[in-house]
Amino acid sequence: MDLEAVRTFVAVAEAGQFQKAAADLSITQQAVSKRIAALERSLGVRLFTRAPRGAELTIDGQAFLPHARELLRVAERAVASVRPGRRPLRVDVIASRGAQSGLMRGFHHAYPEIGLDVVMVFEIETAIAAIRSGAIDASFRAVAAPGQPLPEDIESVRVLDEPLQLLTGPVHALAGARSVTVAQLAGHRIWMPGIVPGTEWAAYYHDLVAEFGLTIEATGPNFGSDALLDTISDTPALATFMGGHTRLIWPTGHDLRRISVTDPTPIYPHSLLWHRDNPHPALATLRAHLAATAAGHDAAGTWAPGWVTPR
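Residues numbered from 1 in each chain as written. Predicted model: local features only at pLDDT ≥ 70, side-chain atom pairs only at ≥ 80, totals over all residues. Heavy atoms only, no water.

Undergrad: Is there a simple way to explain helix α9 (residues 281-293) in this structure?
TA: Each α-helix turn comprises 3.6 residues. Residues three or four places apart therefore point the same way. In this model α9 runs 19 Å from its N-terminal to its C-terminal C-alpha over 13 residues, within 8% of the 18 Å that 1.5 Å per residue would give. Every buried residue belonging to α9 is among Ala282, Leu283, Leu286, His289 and Leu290, and all of these are buried. What you see down the axis of α9 is that its buried residues fit within an arc of 125 degrees, all on one side. Away from the buried face of α9 by more than 90 degrees, exposed residues Ala291 and Ala292 are located. Against the buried residues of α9 lie β3 (89-92), α5 (99-110), β5 (138-141), β6 (154-168) and β12 (265-275). (Helix = DSSP H or I, 4+ residues; strand = E, 2+ residues; numbered from the N terminus. Expected span 1.5 Å × (residues − 1). Buried < 20%, exposed > 50% of the residue type's maximum accessible area, 1.4 Å probe, protein only. Arc of directions from axis to C-beta. Contact = heavy atoms within 4.5 Å.)

Undergrad: Would you explain a nonpolar patch on the surface in this entry?
TA: On the surface, Met1, Leu3, Leu43 and Leu71 cluster together to form a nonpolar patch covering roughly 330 Å² of accessible area. When you line up the elements, Leu71 lands in helix α4 (residues 59-82). (Patch = residues over 30% accessible without salt bridge, like charges linked within 9 Å, V, L, I, M, F, W, Y side chains within 5 Å. Areas by Shrake-Rupley, 256 points an atom, 1.4 Å probe, with all protein chains shown as cover. Salt bridge = Lys/Arg side-chain N within 4 Å of Asp/Glu carboxyl O.)

Undergrad: I would appreciate a short explanation of the packing of aromatic side chains in the present structure.
TA: Each aromatic ring pair is specified by the distance between its two centres and by the angle formed by the two planes. Scanning the model with the defined rule gives 10 aromatic pairs in all. Here the aromatic rings of Phe9 and Phe48 are separated by 5.4 Å at their centres, their planes lie at 50 degrees, and the arrangement is tilted. Placement of Phe9 in helix α1 (residues 3-15) and of Phe48 in strand β1 (residues 48-51) is noted, with a sequence separation of 39 residues between them. With respect to burial, Phe9 and Phe48 carry one shared label: buried. Grouping aromatic residues by their ring pairs yields a cluster made of Tyr204, Tyr205, Phe212, Phe241, Tyr268 and Trp303. A cation sits over an aromatic face here: Arg50 above Phe18, 4.4 Å from the ring centre. (Phe/Tyr/Trp six-rings, centres within 6.5 Å; stacked < 30°, edge-to-face > 60°. Lys NZ or Arg CZ within 6 Å of the ring centre and 35° of its normal.)

Undergrad: Where do I start with the pairing of β1 in this structure?
TA: A regular strand places its side chains so that they alternate between the two faces of the sheet. Alignment of β1 against strand β2 (residues 54-57), held across 4 bridges, turns out to be antiparallel. Note that in β2 the partner of Thr49 across the bridge is Glu56. (Pairing = 2+ DSSP bridges.)

Undergrad: Honestly, the packing of α5 against α9 in this entry has me stumped. Any pointers?
TA: Helix-helix packing: each pair is described by the crossing angle between the helix axes and the interaxial distance. Closest axis-to-axis distance for the α5/α9 pair is 11 Å, and the angle between their directions is 110 degrees. As judged from the angle between their axes, α5 and α9 are roughly perpendicular. As α5 runs across α9, the sense of the crossing is right-handed. Together, Leu103, Met104, Gly106, Phe107 and Ala110 of α5 and Ala282, Thr285, Leu286, His289 and Leu290 of α9 make up the contact between the two elements. (Axes fitted to C-alpha atoms, helices over the stretch in contact; angles between N-to-C directions. Parallel < 35°, antiparallel > 145°, perpendicular 65-115°, else oblique. Left-handed = near helix turned anticlockwise from the far one by under 90°.)

Undergrad: Explain the environment of Trp250 to me, please; I cannot follow it from the model alone.
TA: Locating Trp250 in the fold gives a position in the loop between β10 (238-243) and β11 (257-262). Each C-alpha atom, one on Trp250 and one on Leu229, is 7.2 Å from the other, the two residues being 21 residues apart in sequence. If near-sequence neighbours (up to four positions away) are discounted, Trp250 is found in contact with Leu167, Leu229, Asp255, Leu256 and Arg258.

Undergrad: Just checking my understanding: could you explain the pattern of salt bridges for this structure?
TA: Pairing between side chains of opposite charge can happen when the charged atoms of each approach one another. On inspection of all chains with the given rule, the structure shows 14 salt bridges. Here Asp153 and Arg132 are joined by a salt bridge, their closest N and O atoms 3.1 Å apart. Of the two residues, Asp153 is situated in the loop between β5 and β6 and Arg132 in helix α6 (residues 124-133); the sequence distance between them amounts to 21 residues. Asp153 sits in the buried class, given a relative accessible area of 14%. The exposure class assigned to Arg132 is partly exposed, which follows from its relative accessible area of 48%. Note that Arg189 is salt-bridged to Glu217, the shortest N-O span being 2.9 Å. Note that Arg189 is positioned in strand β8 (residues 189-191) and Glu217 in strand β9 (residues 215-217), a separation of 28 residues in sequence. The buried category is assigned to Glu217, whose relative accessible area is 18%. Counted as one network, the salt bridges with shared partners bring together Glu4, Arg7 and Arg35.

Next up, the structure:
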C-alpha cells in the first residue's frame, strides 16, 4: 500500500477539502486527486463524496480512517527505530563479569540518557561480521591473534590494559604471598578451562606460556566461573589467572586469594572495534569517554604479546 496515498487520504479527511490538503502537503490539488483515486482503486471502495463544503468521508472512508492513521504511526516508528541516535547503541562485552562490562557500566553512569544494549558474542569472527552487518555497533576484543589482521573497514583503539592476578585457594603454596613474580609461577599448575583454541585469549596465553615457561592447563569442561572458583578453593595444587578488573563473588568459606603478579606484570590488552562508516552518534561519545578514562599503554614493568600494538 502506498503510504503517501494513505498520508494524503488522512490529510483530506482532516482538512475536509482537497485544496486545503494540497496546501498542507505542498503538492498540487491534481496530485491529491490522483493519489486518492489510486488508493480507492487499490481498496476497491469510494472514500470520499463531493459535498458543497468540500469532501466528506463515505462509510468506507470512516472505517478506513483510524487504520490509516495507525499505518502512518507505525511507519514513523519504523523510521525512528533506525534513525541515527534514536536506537540504542549495541555493544559486545564478551562476558558480564569482565573488565569490558565494567567499562560499559562506567559509560552508562556518565551518560544515562544514551540508550544502550549490551550483548555477548563469543568468537571474534562472529563479532566482526556483526559489526560489518550493523547488528552491533562495537565490540571489546584483544584486537586479533597473529596472522589474523582486522579487515580494512574495521577500526580499533586500545582502551584498557588489565593486569592479570593469580587466584588461589587458602592452602595453595603461594596463598600467603601479597605478590608473586612471573618467575615464581614456573612449575605451578595454572588451570584455565575457558581457553578455547582459535580465540584471541588463547593466542594471548599461548604467548604468555612461551615467554615465561609457565604451565597452563585448559583441560576439562568449562562450567563457568562459579565452578572454577569451587575447584580452585578445594584443590591445593591448582591456581588460575584472573583479570584484575573482573568482578567475582564467592562463598566466605572458599577464602580465595587474589595475588598481584609482578616483574613484569602481564597485562591483557582490551581494544574497542567498530566499523569506520558507522554513523551512530553515541559511538563517538563512547570512544571519547574511553579515551578520557584510558591510561598509558605498555607501561614500564608490564608485559603484553609482541603482536599487540597500541593505536
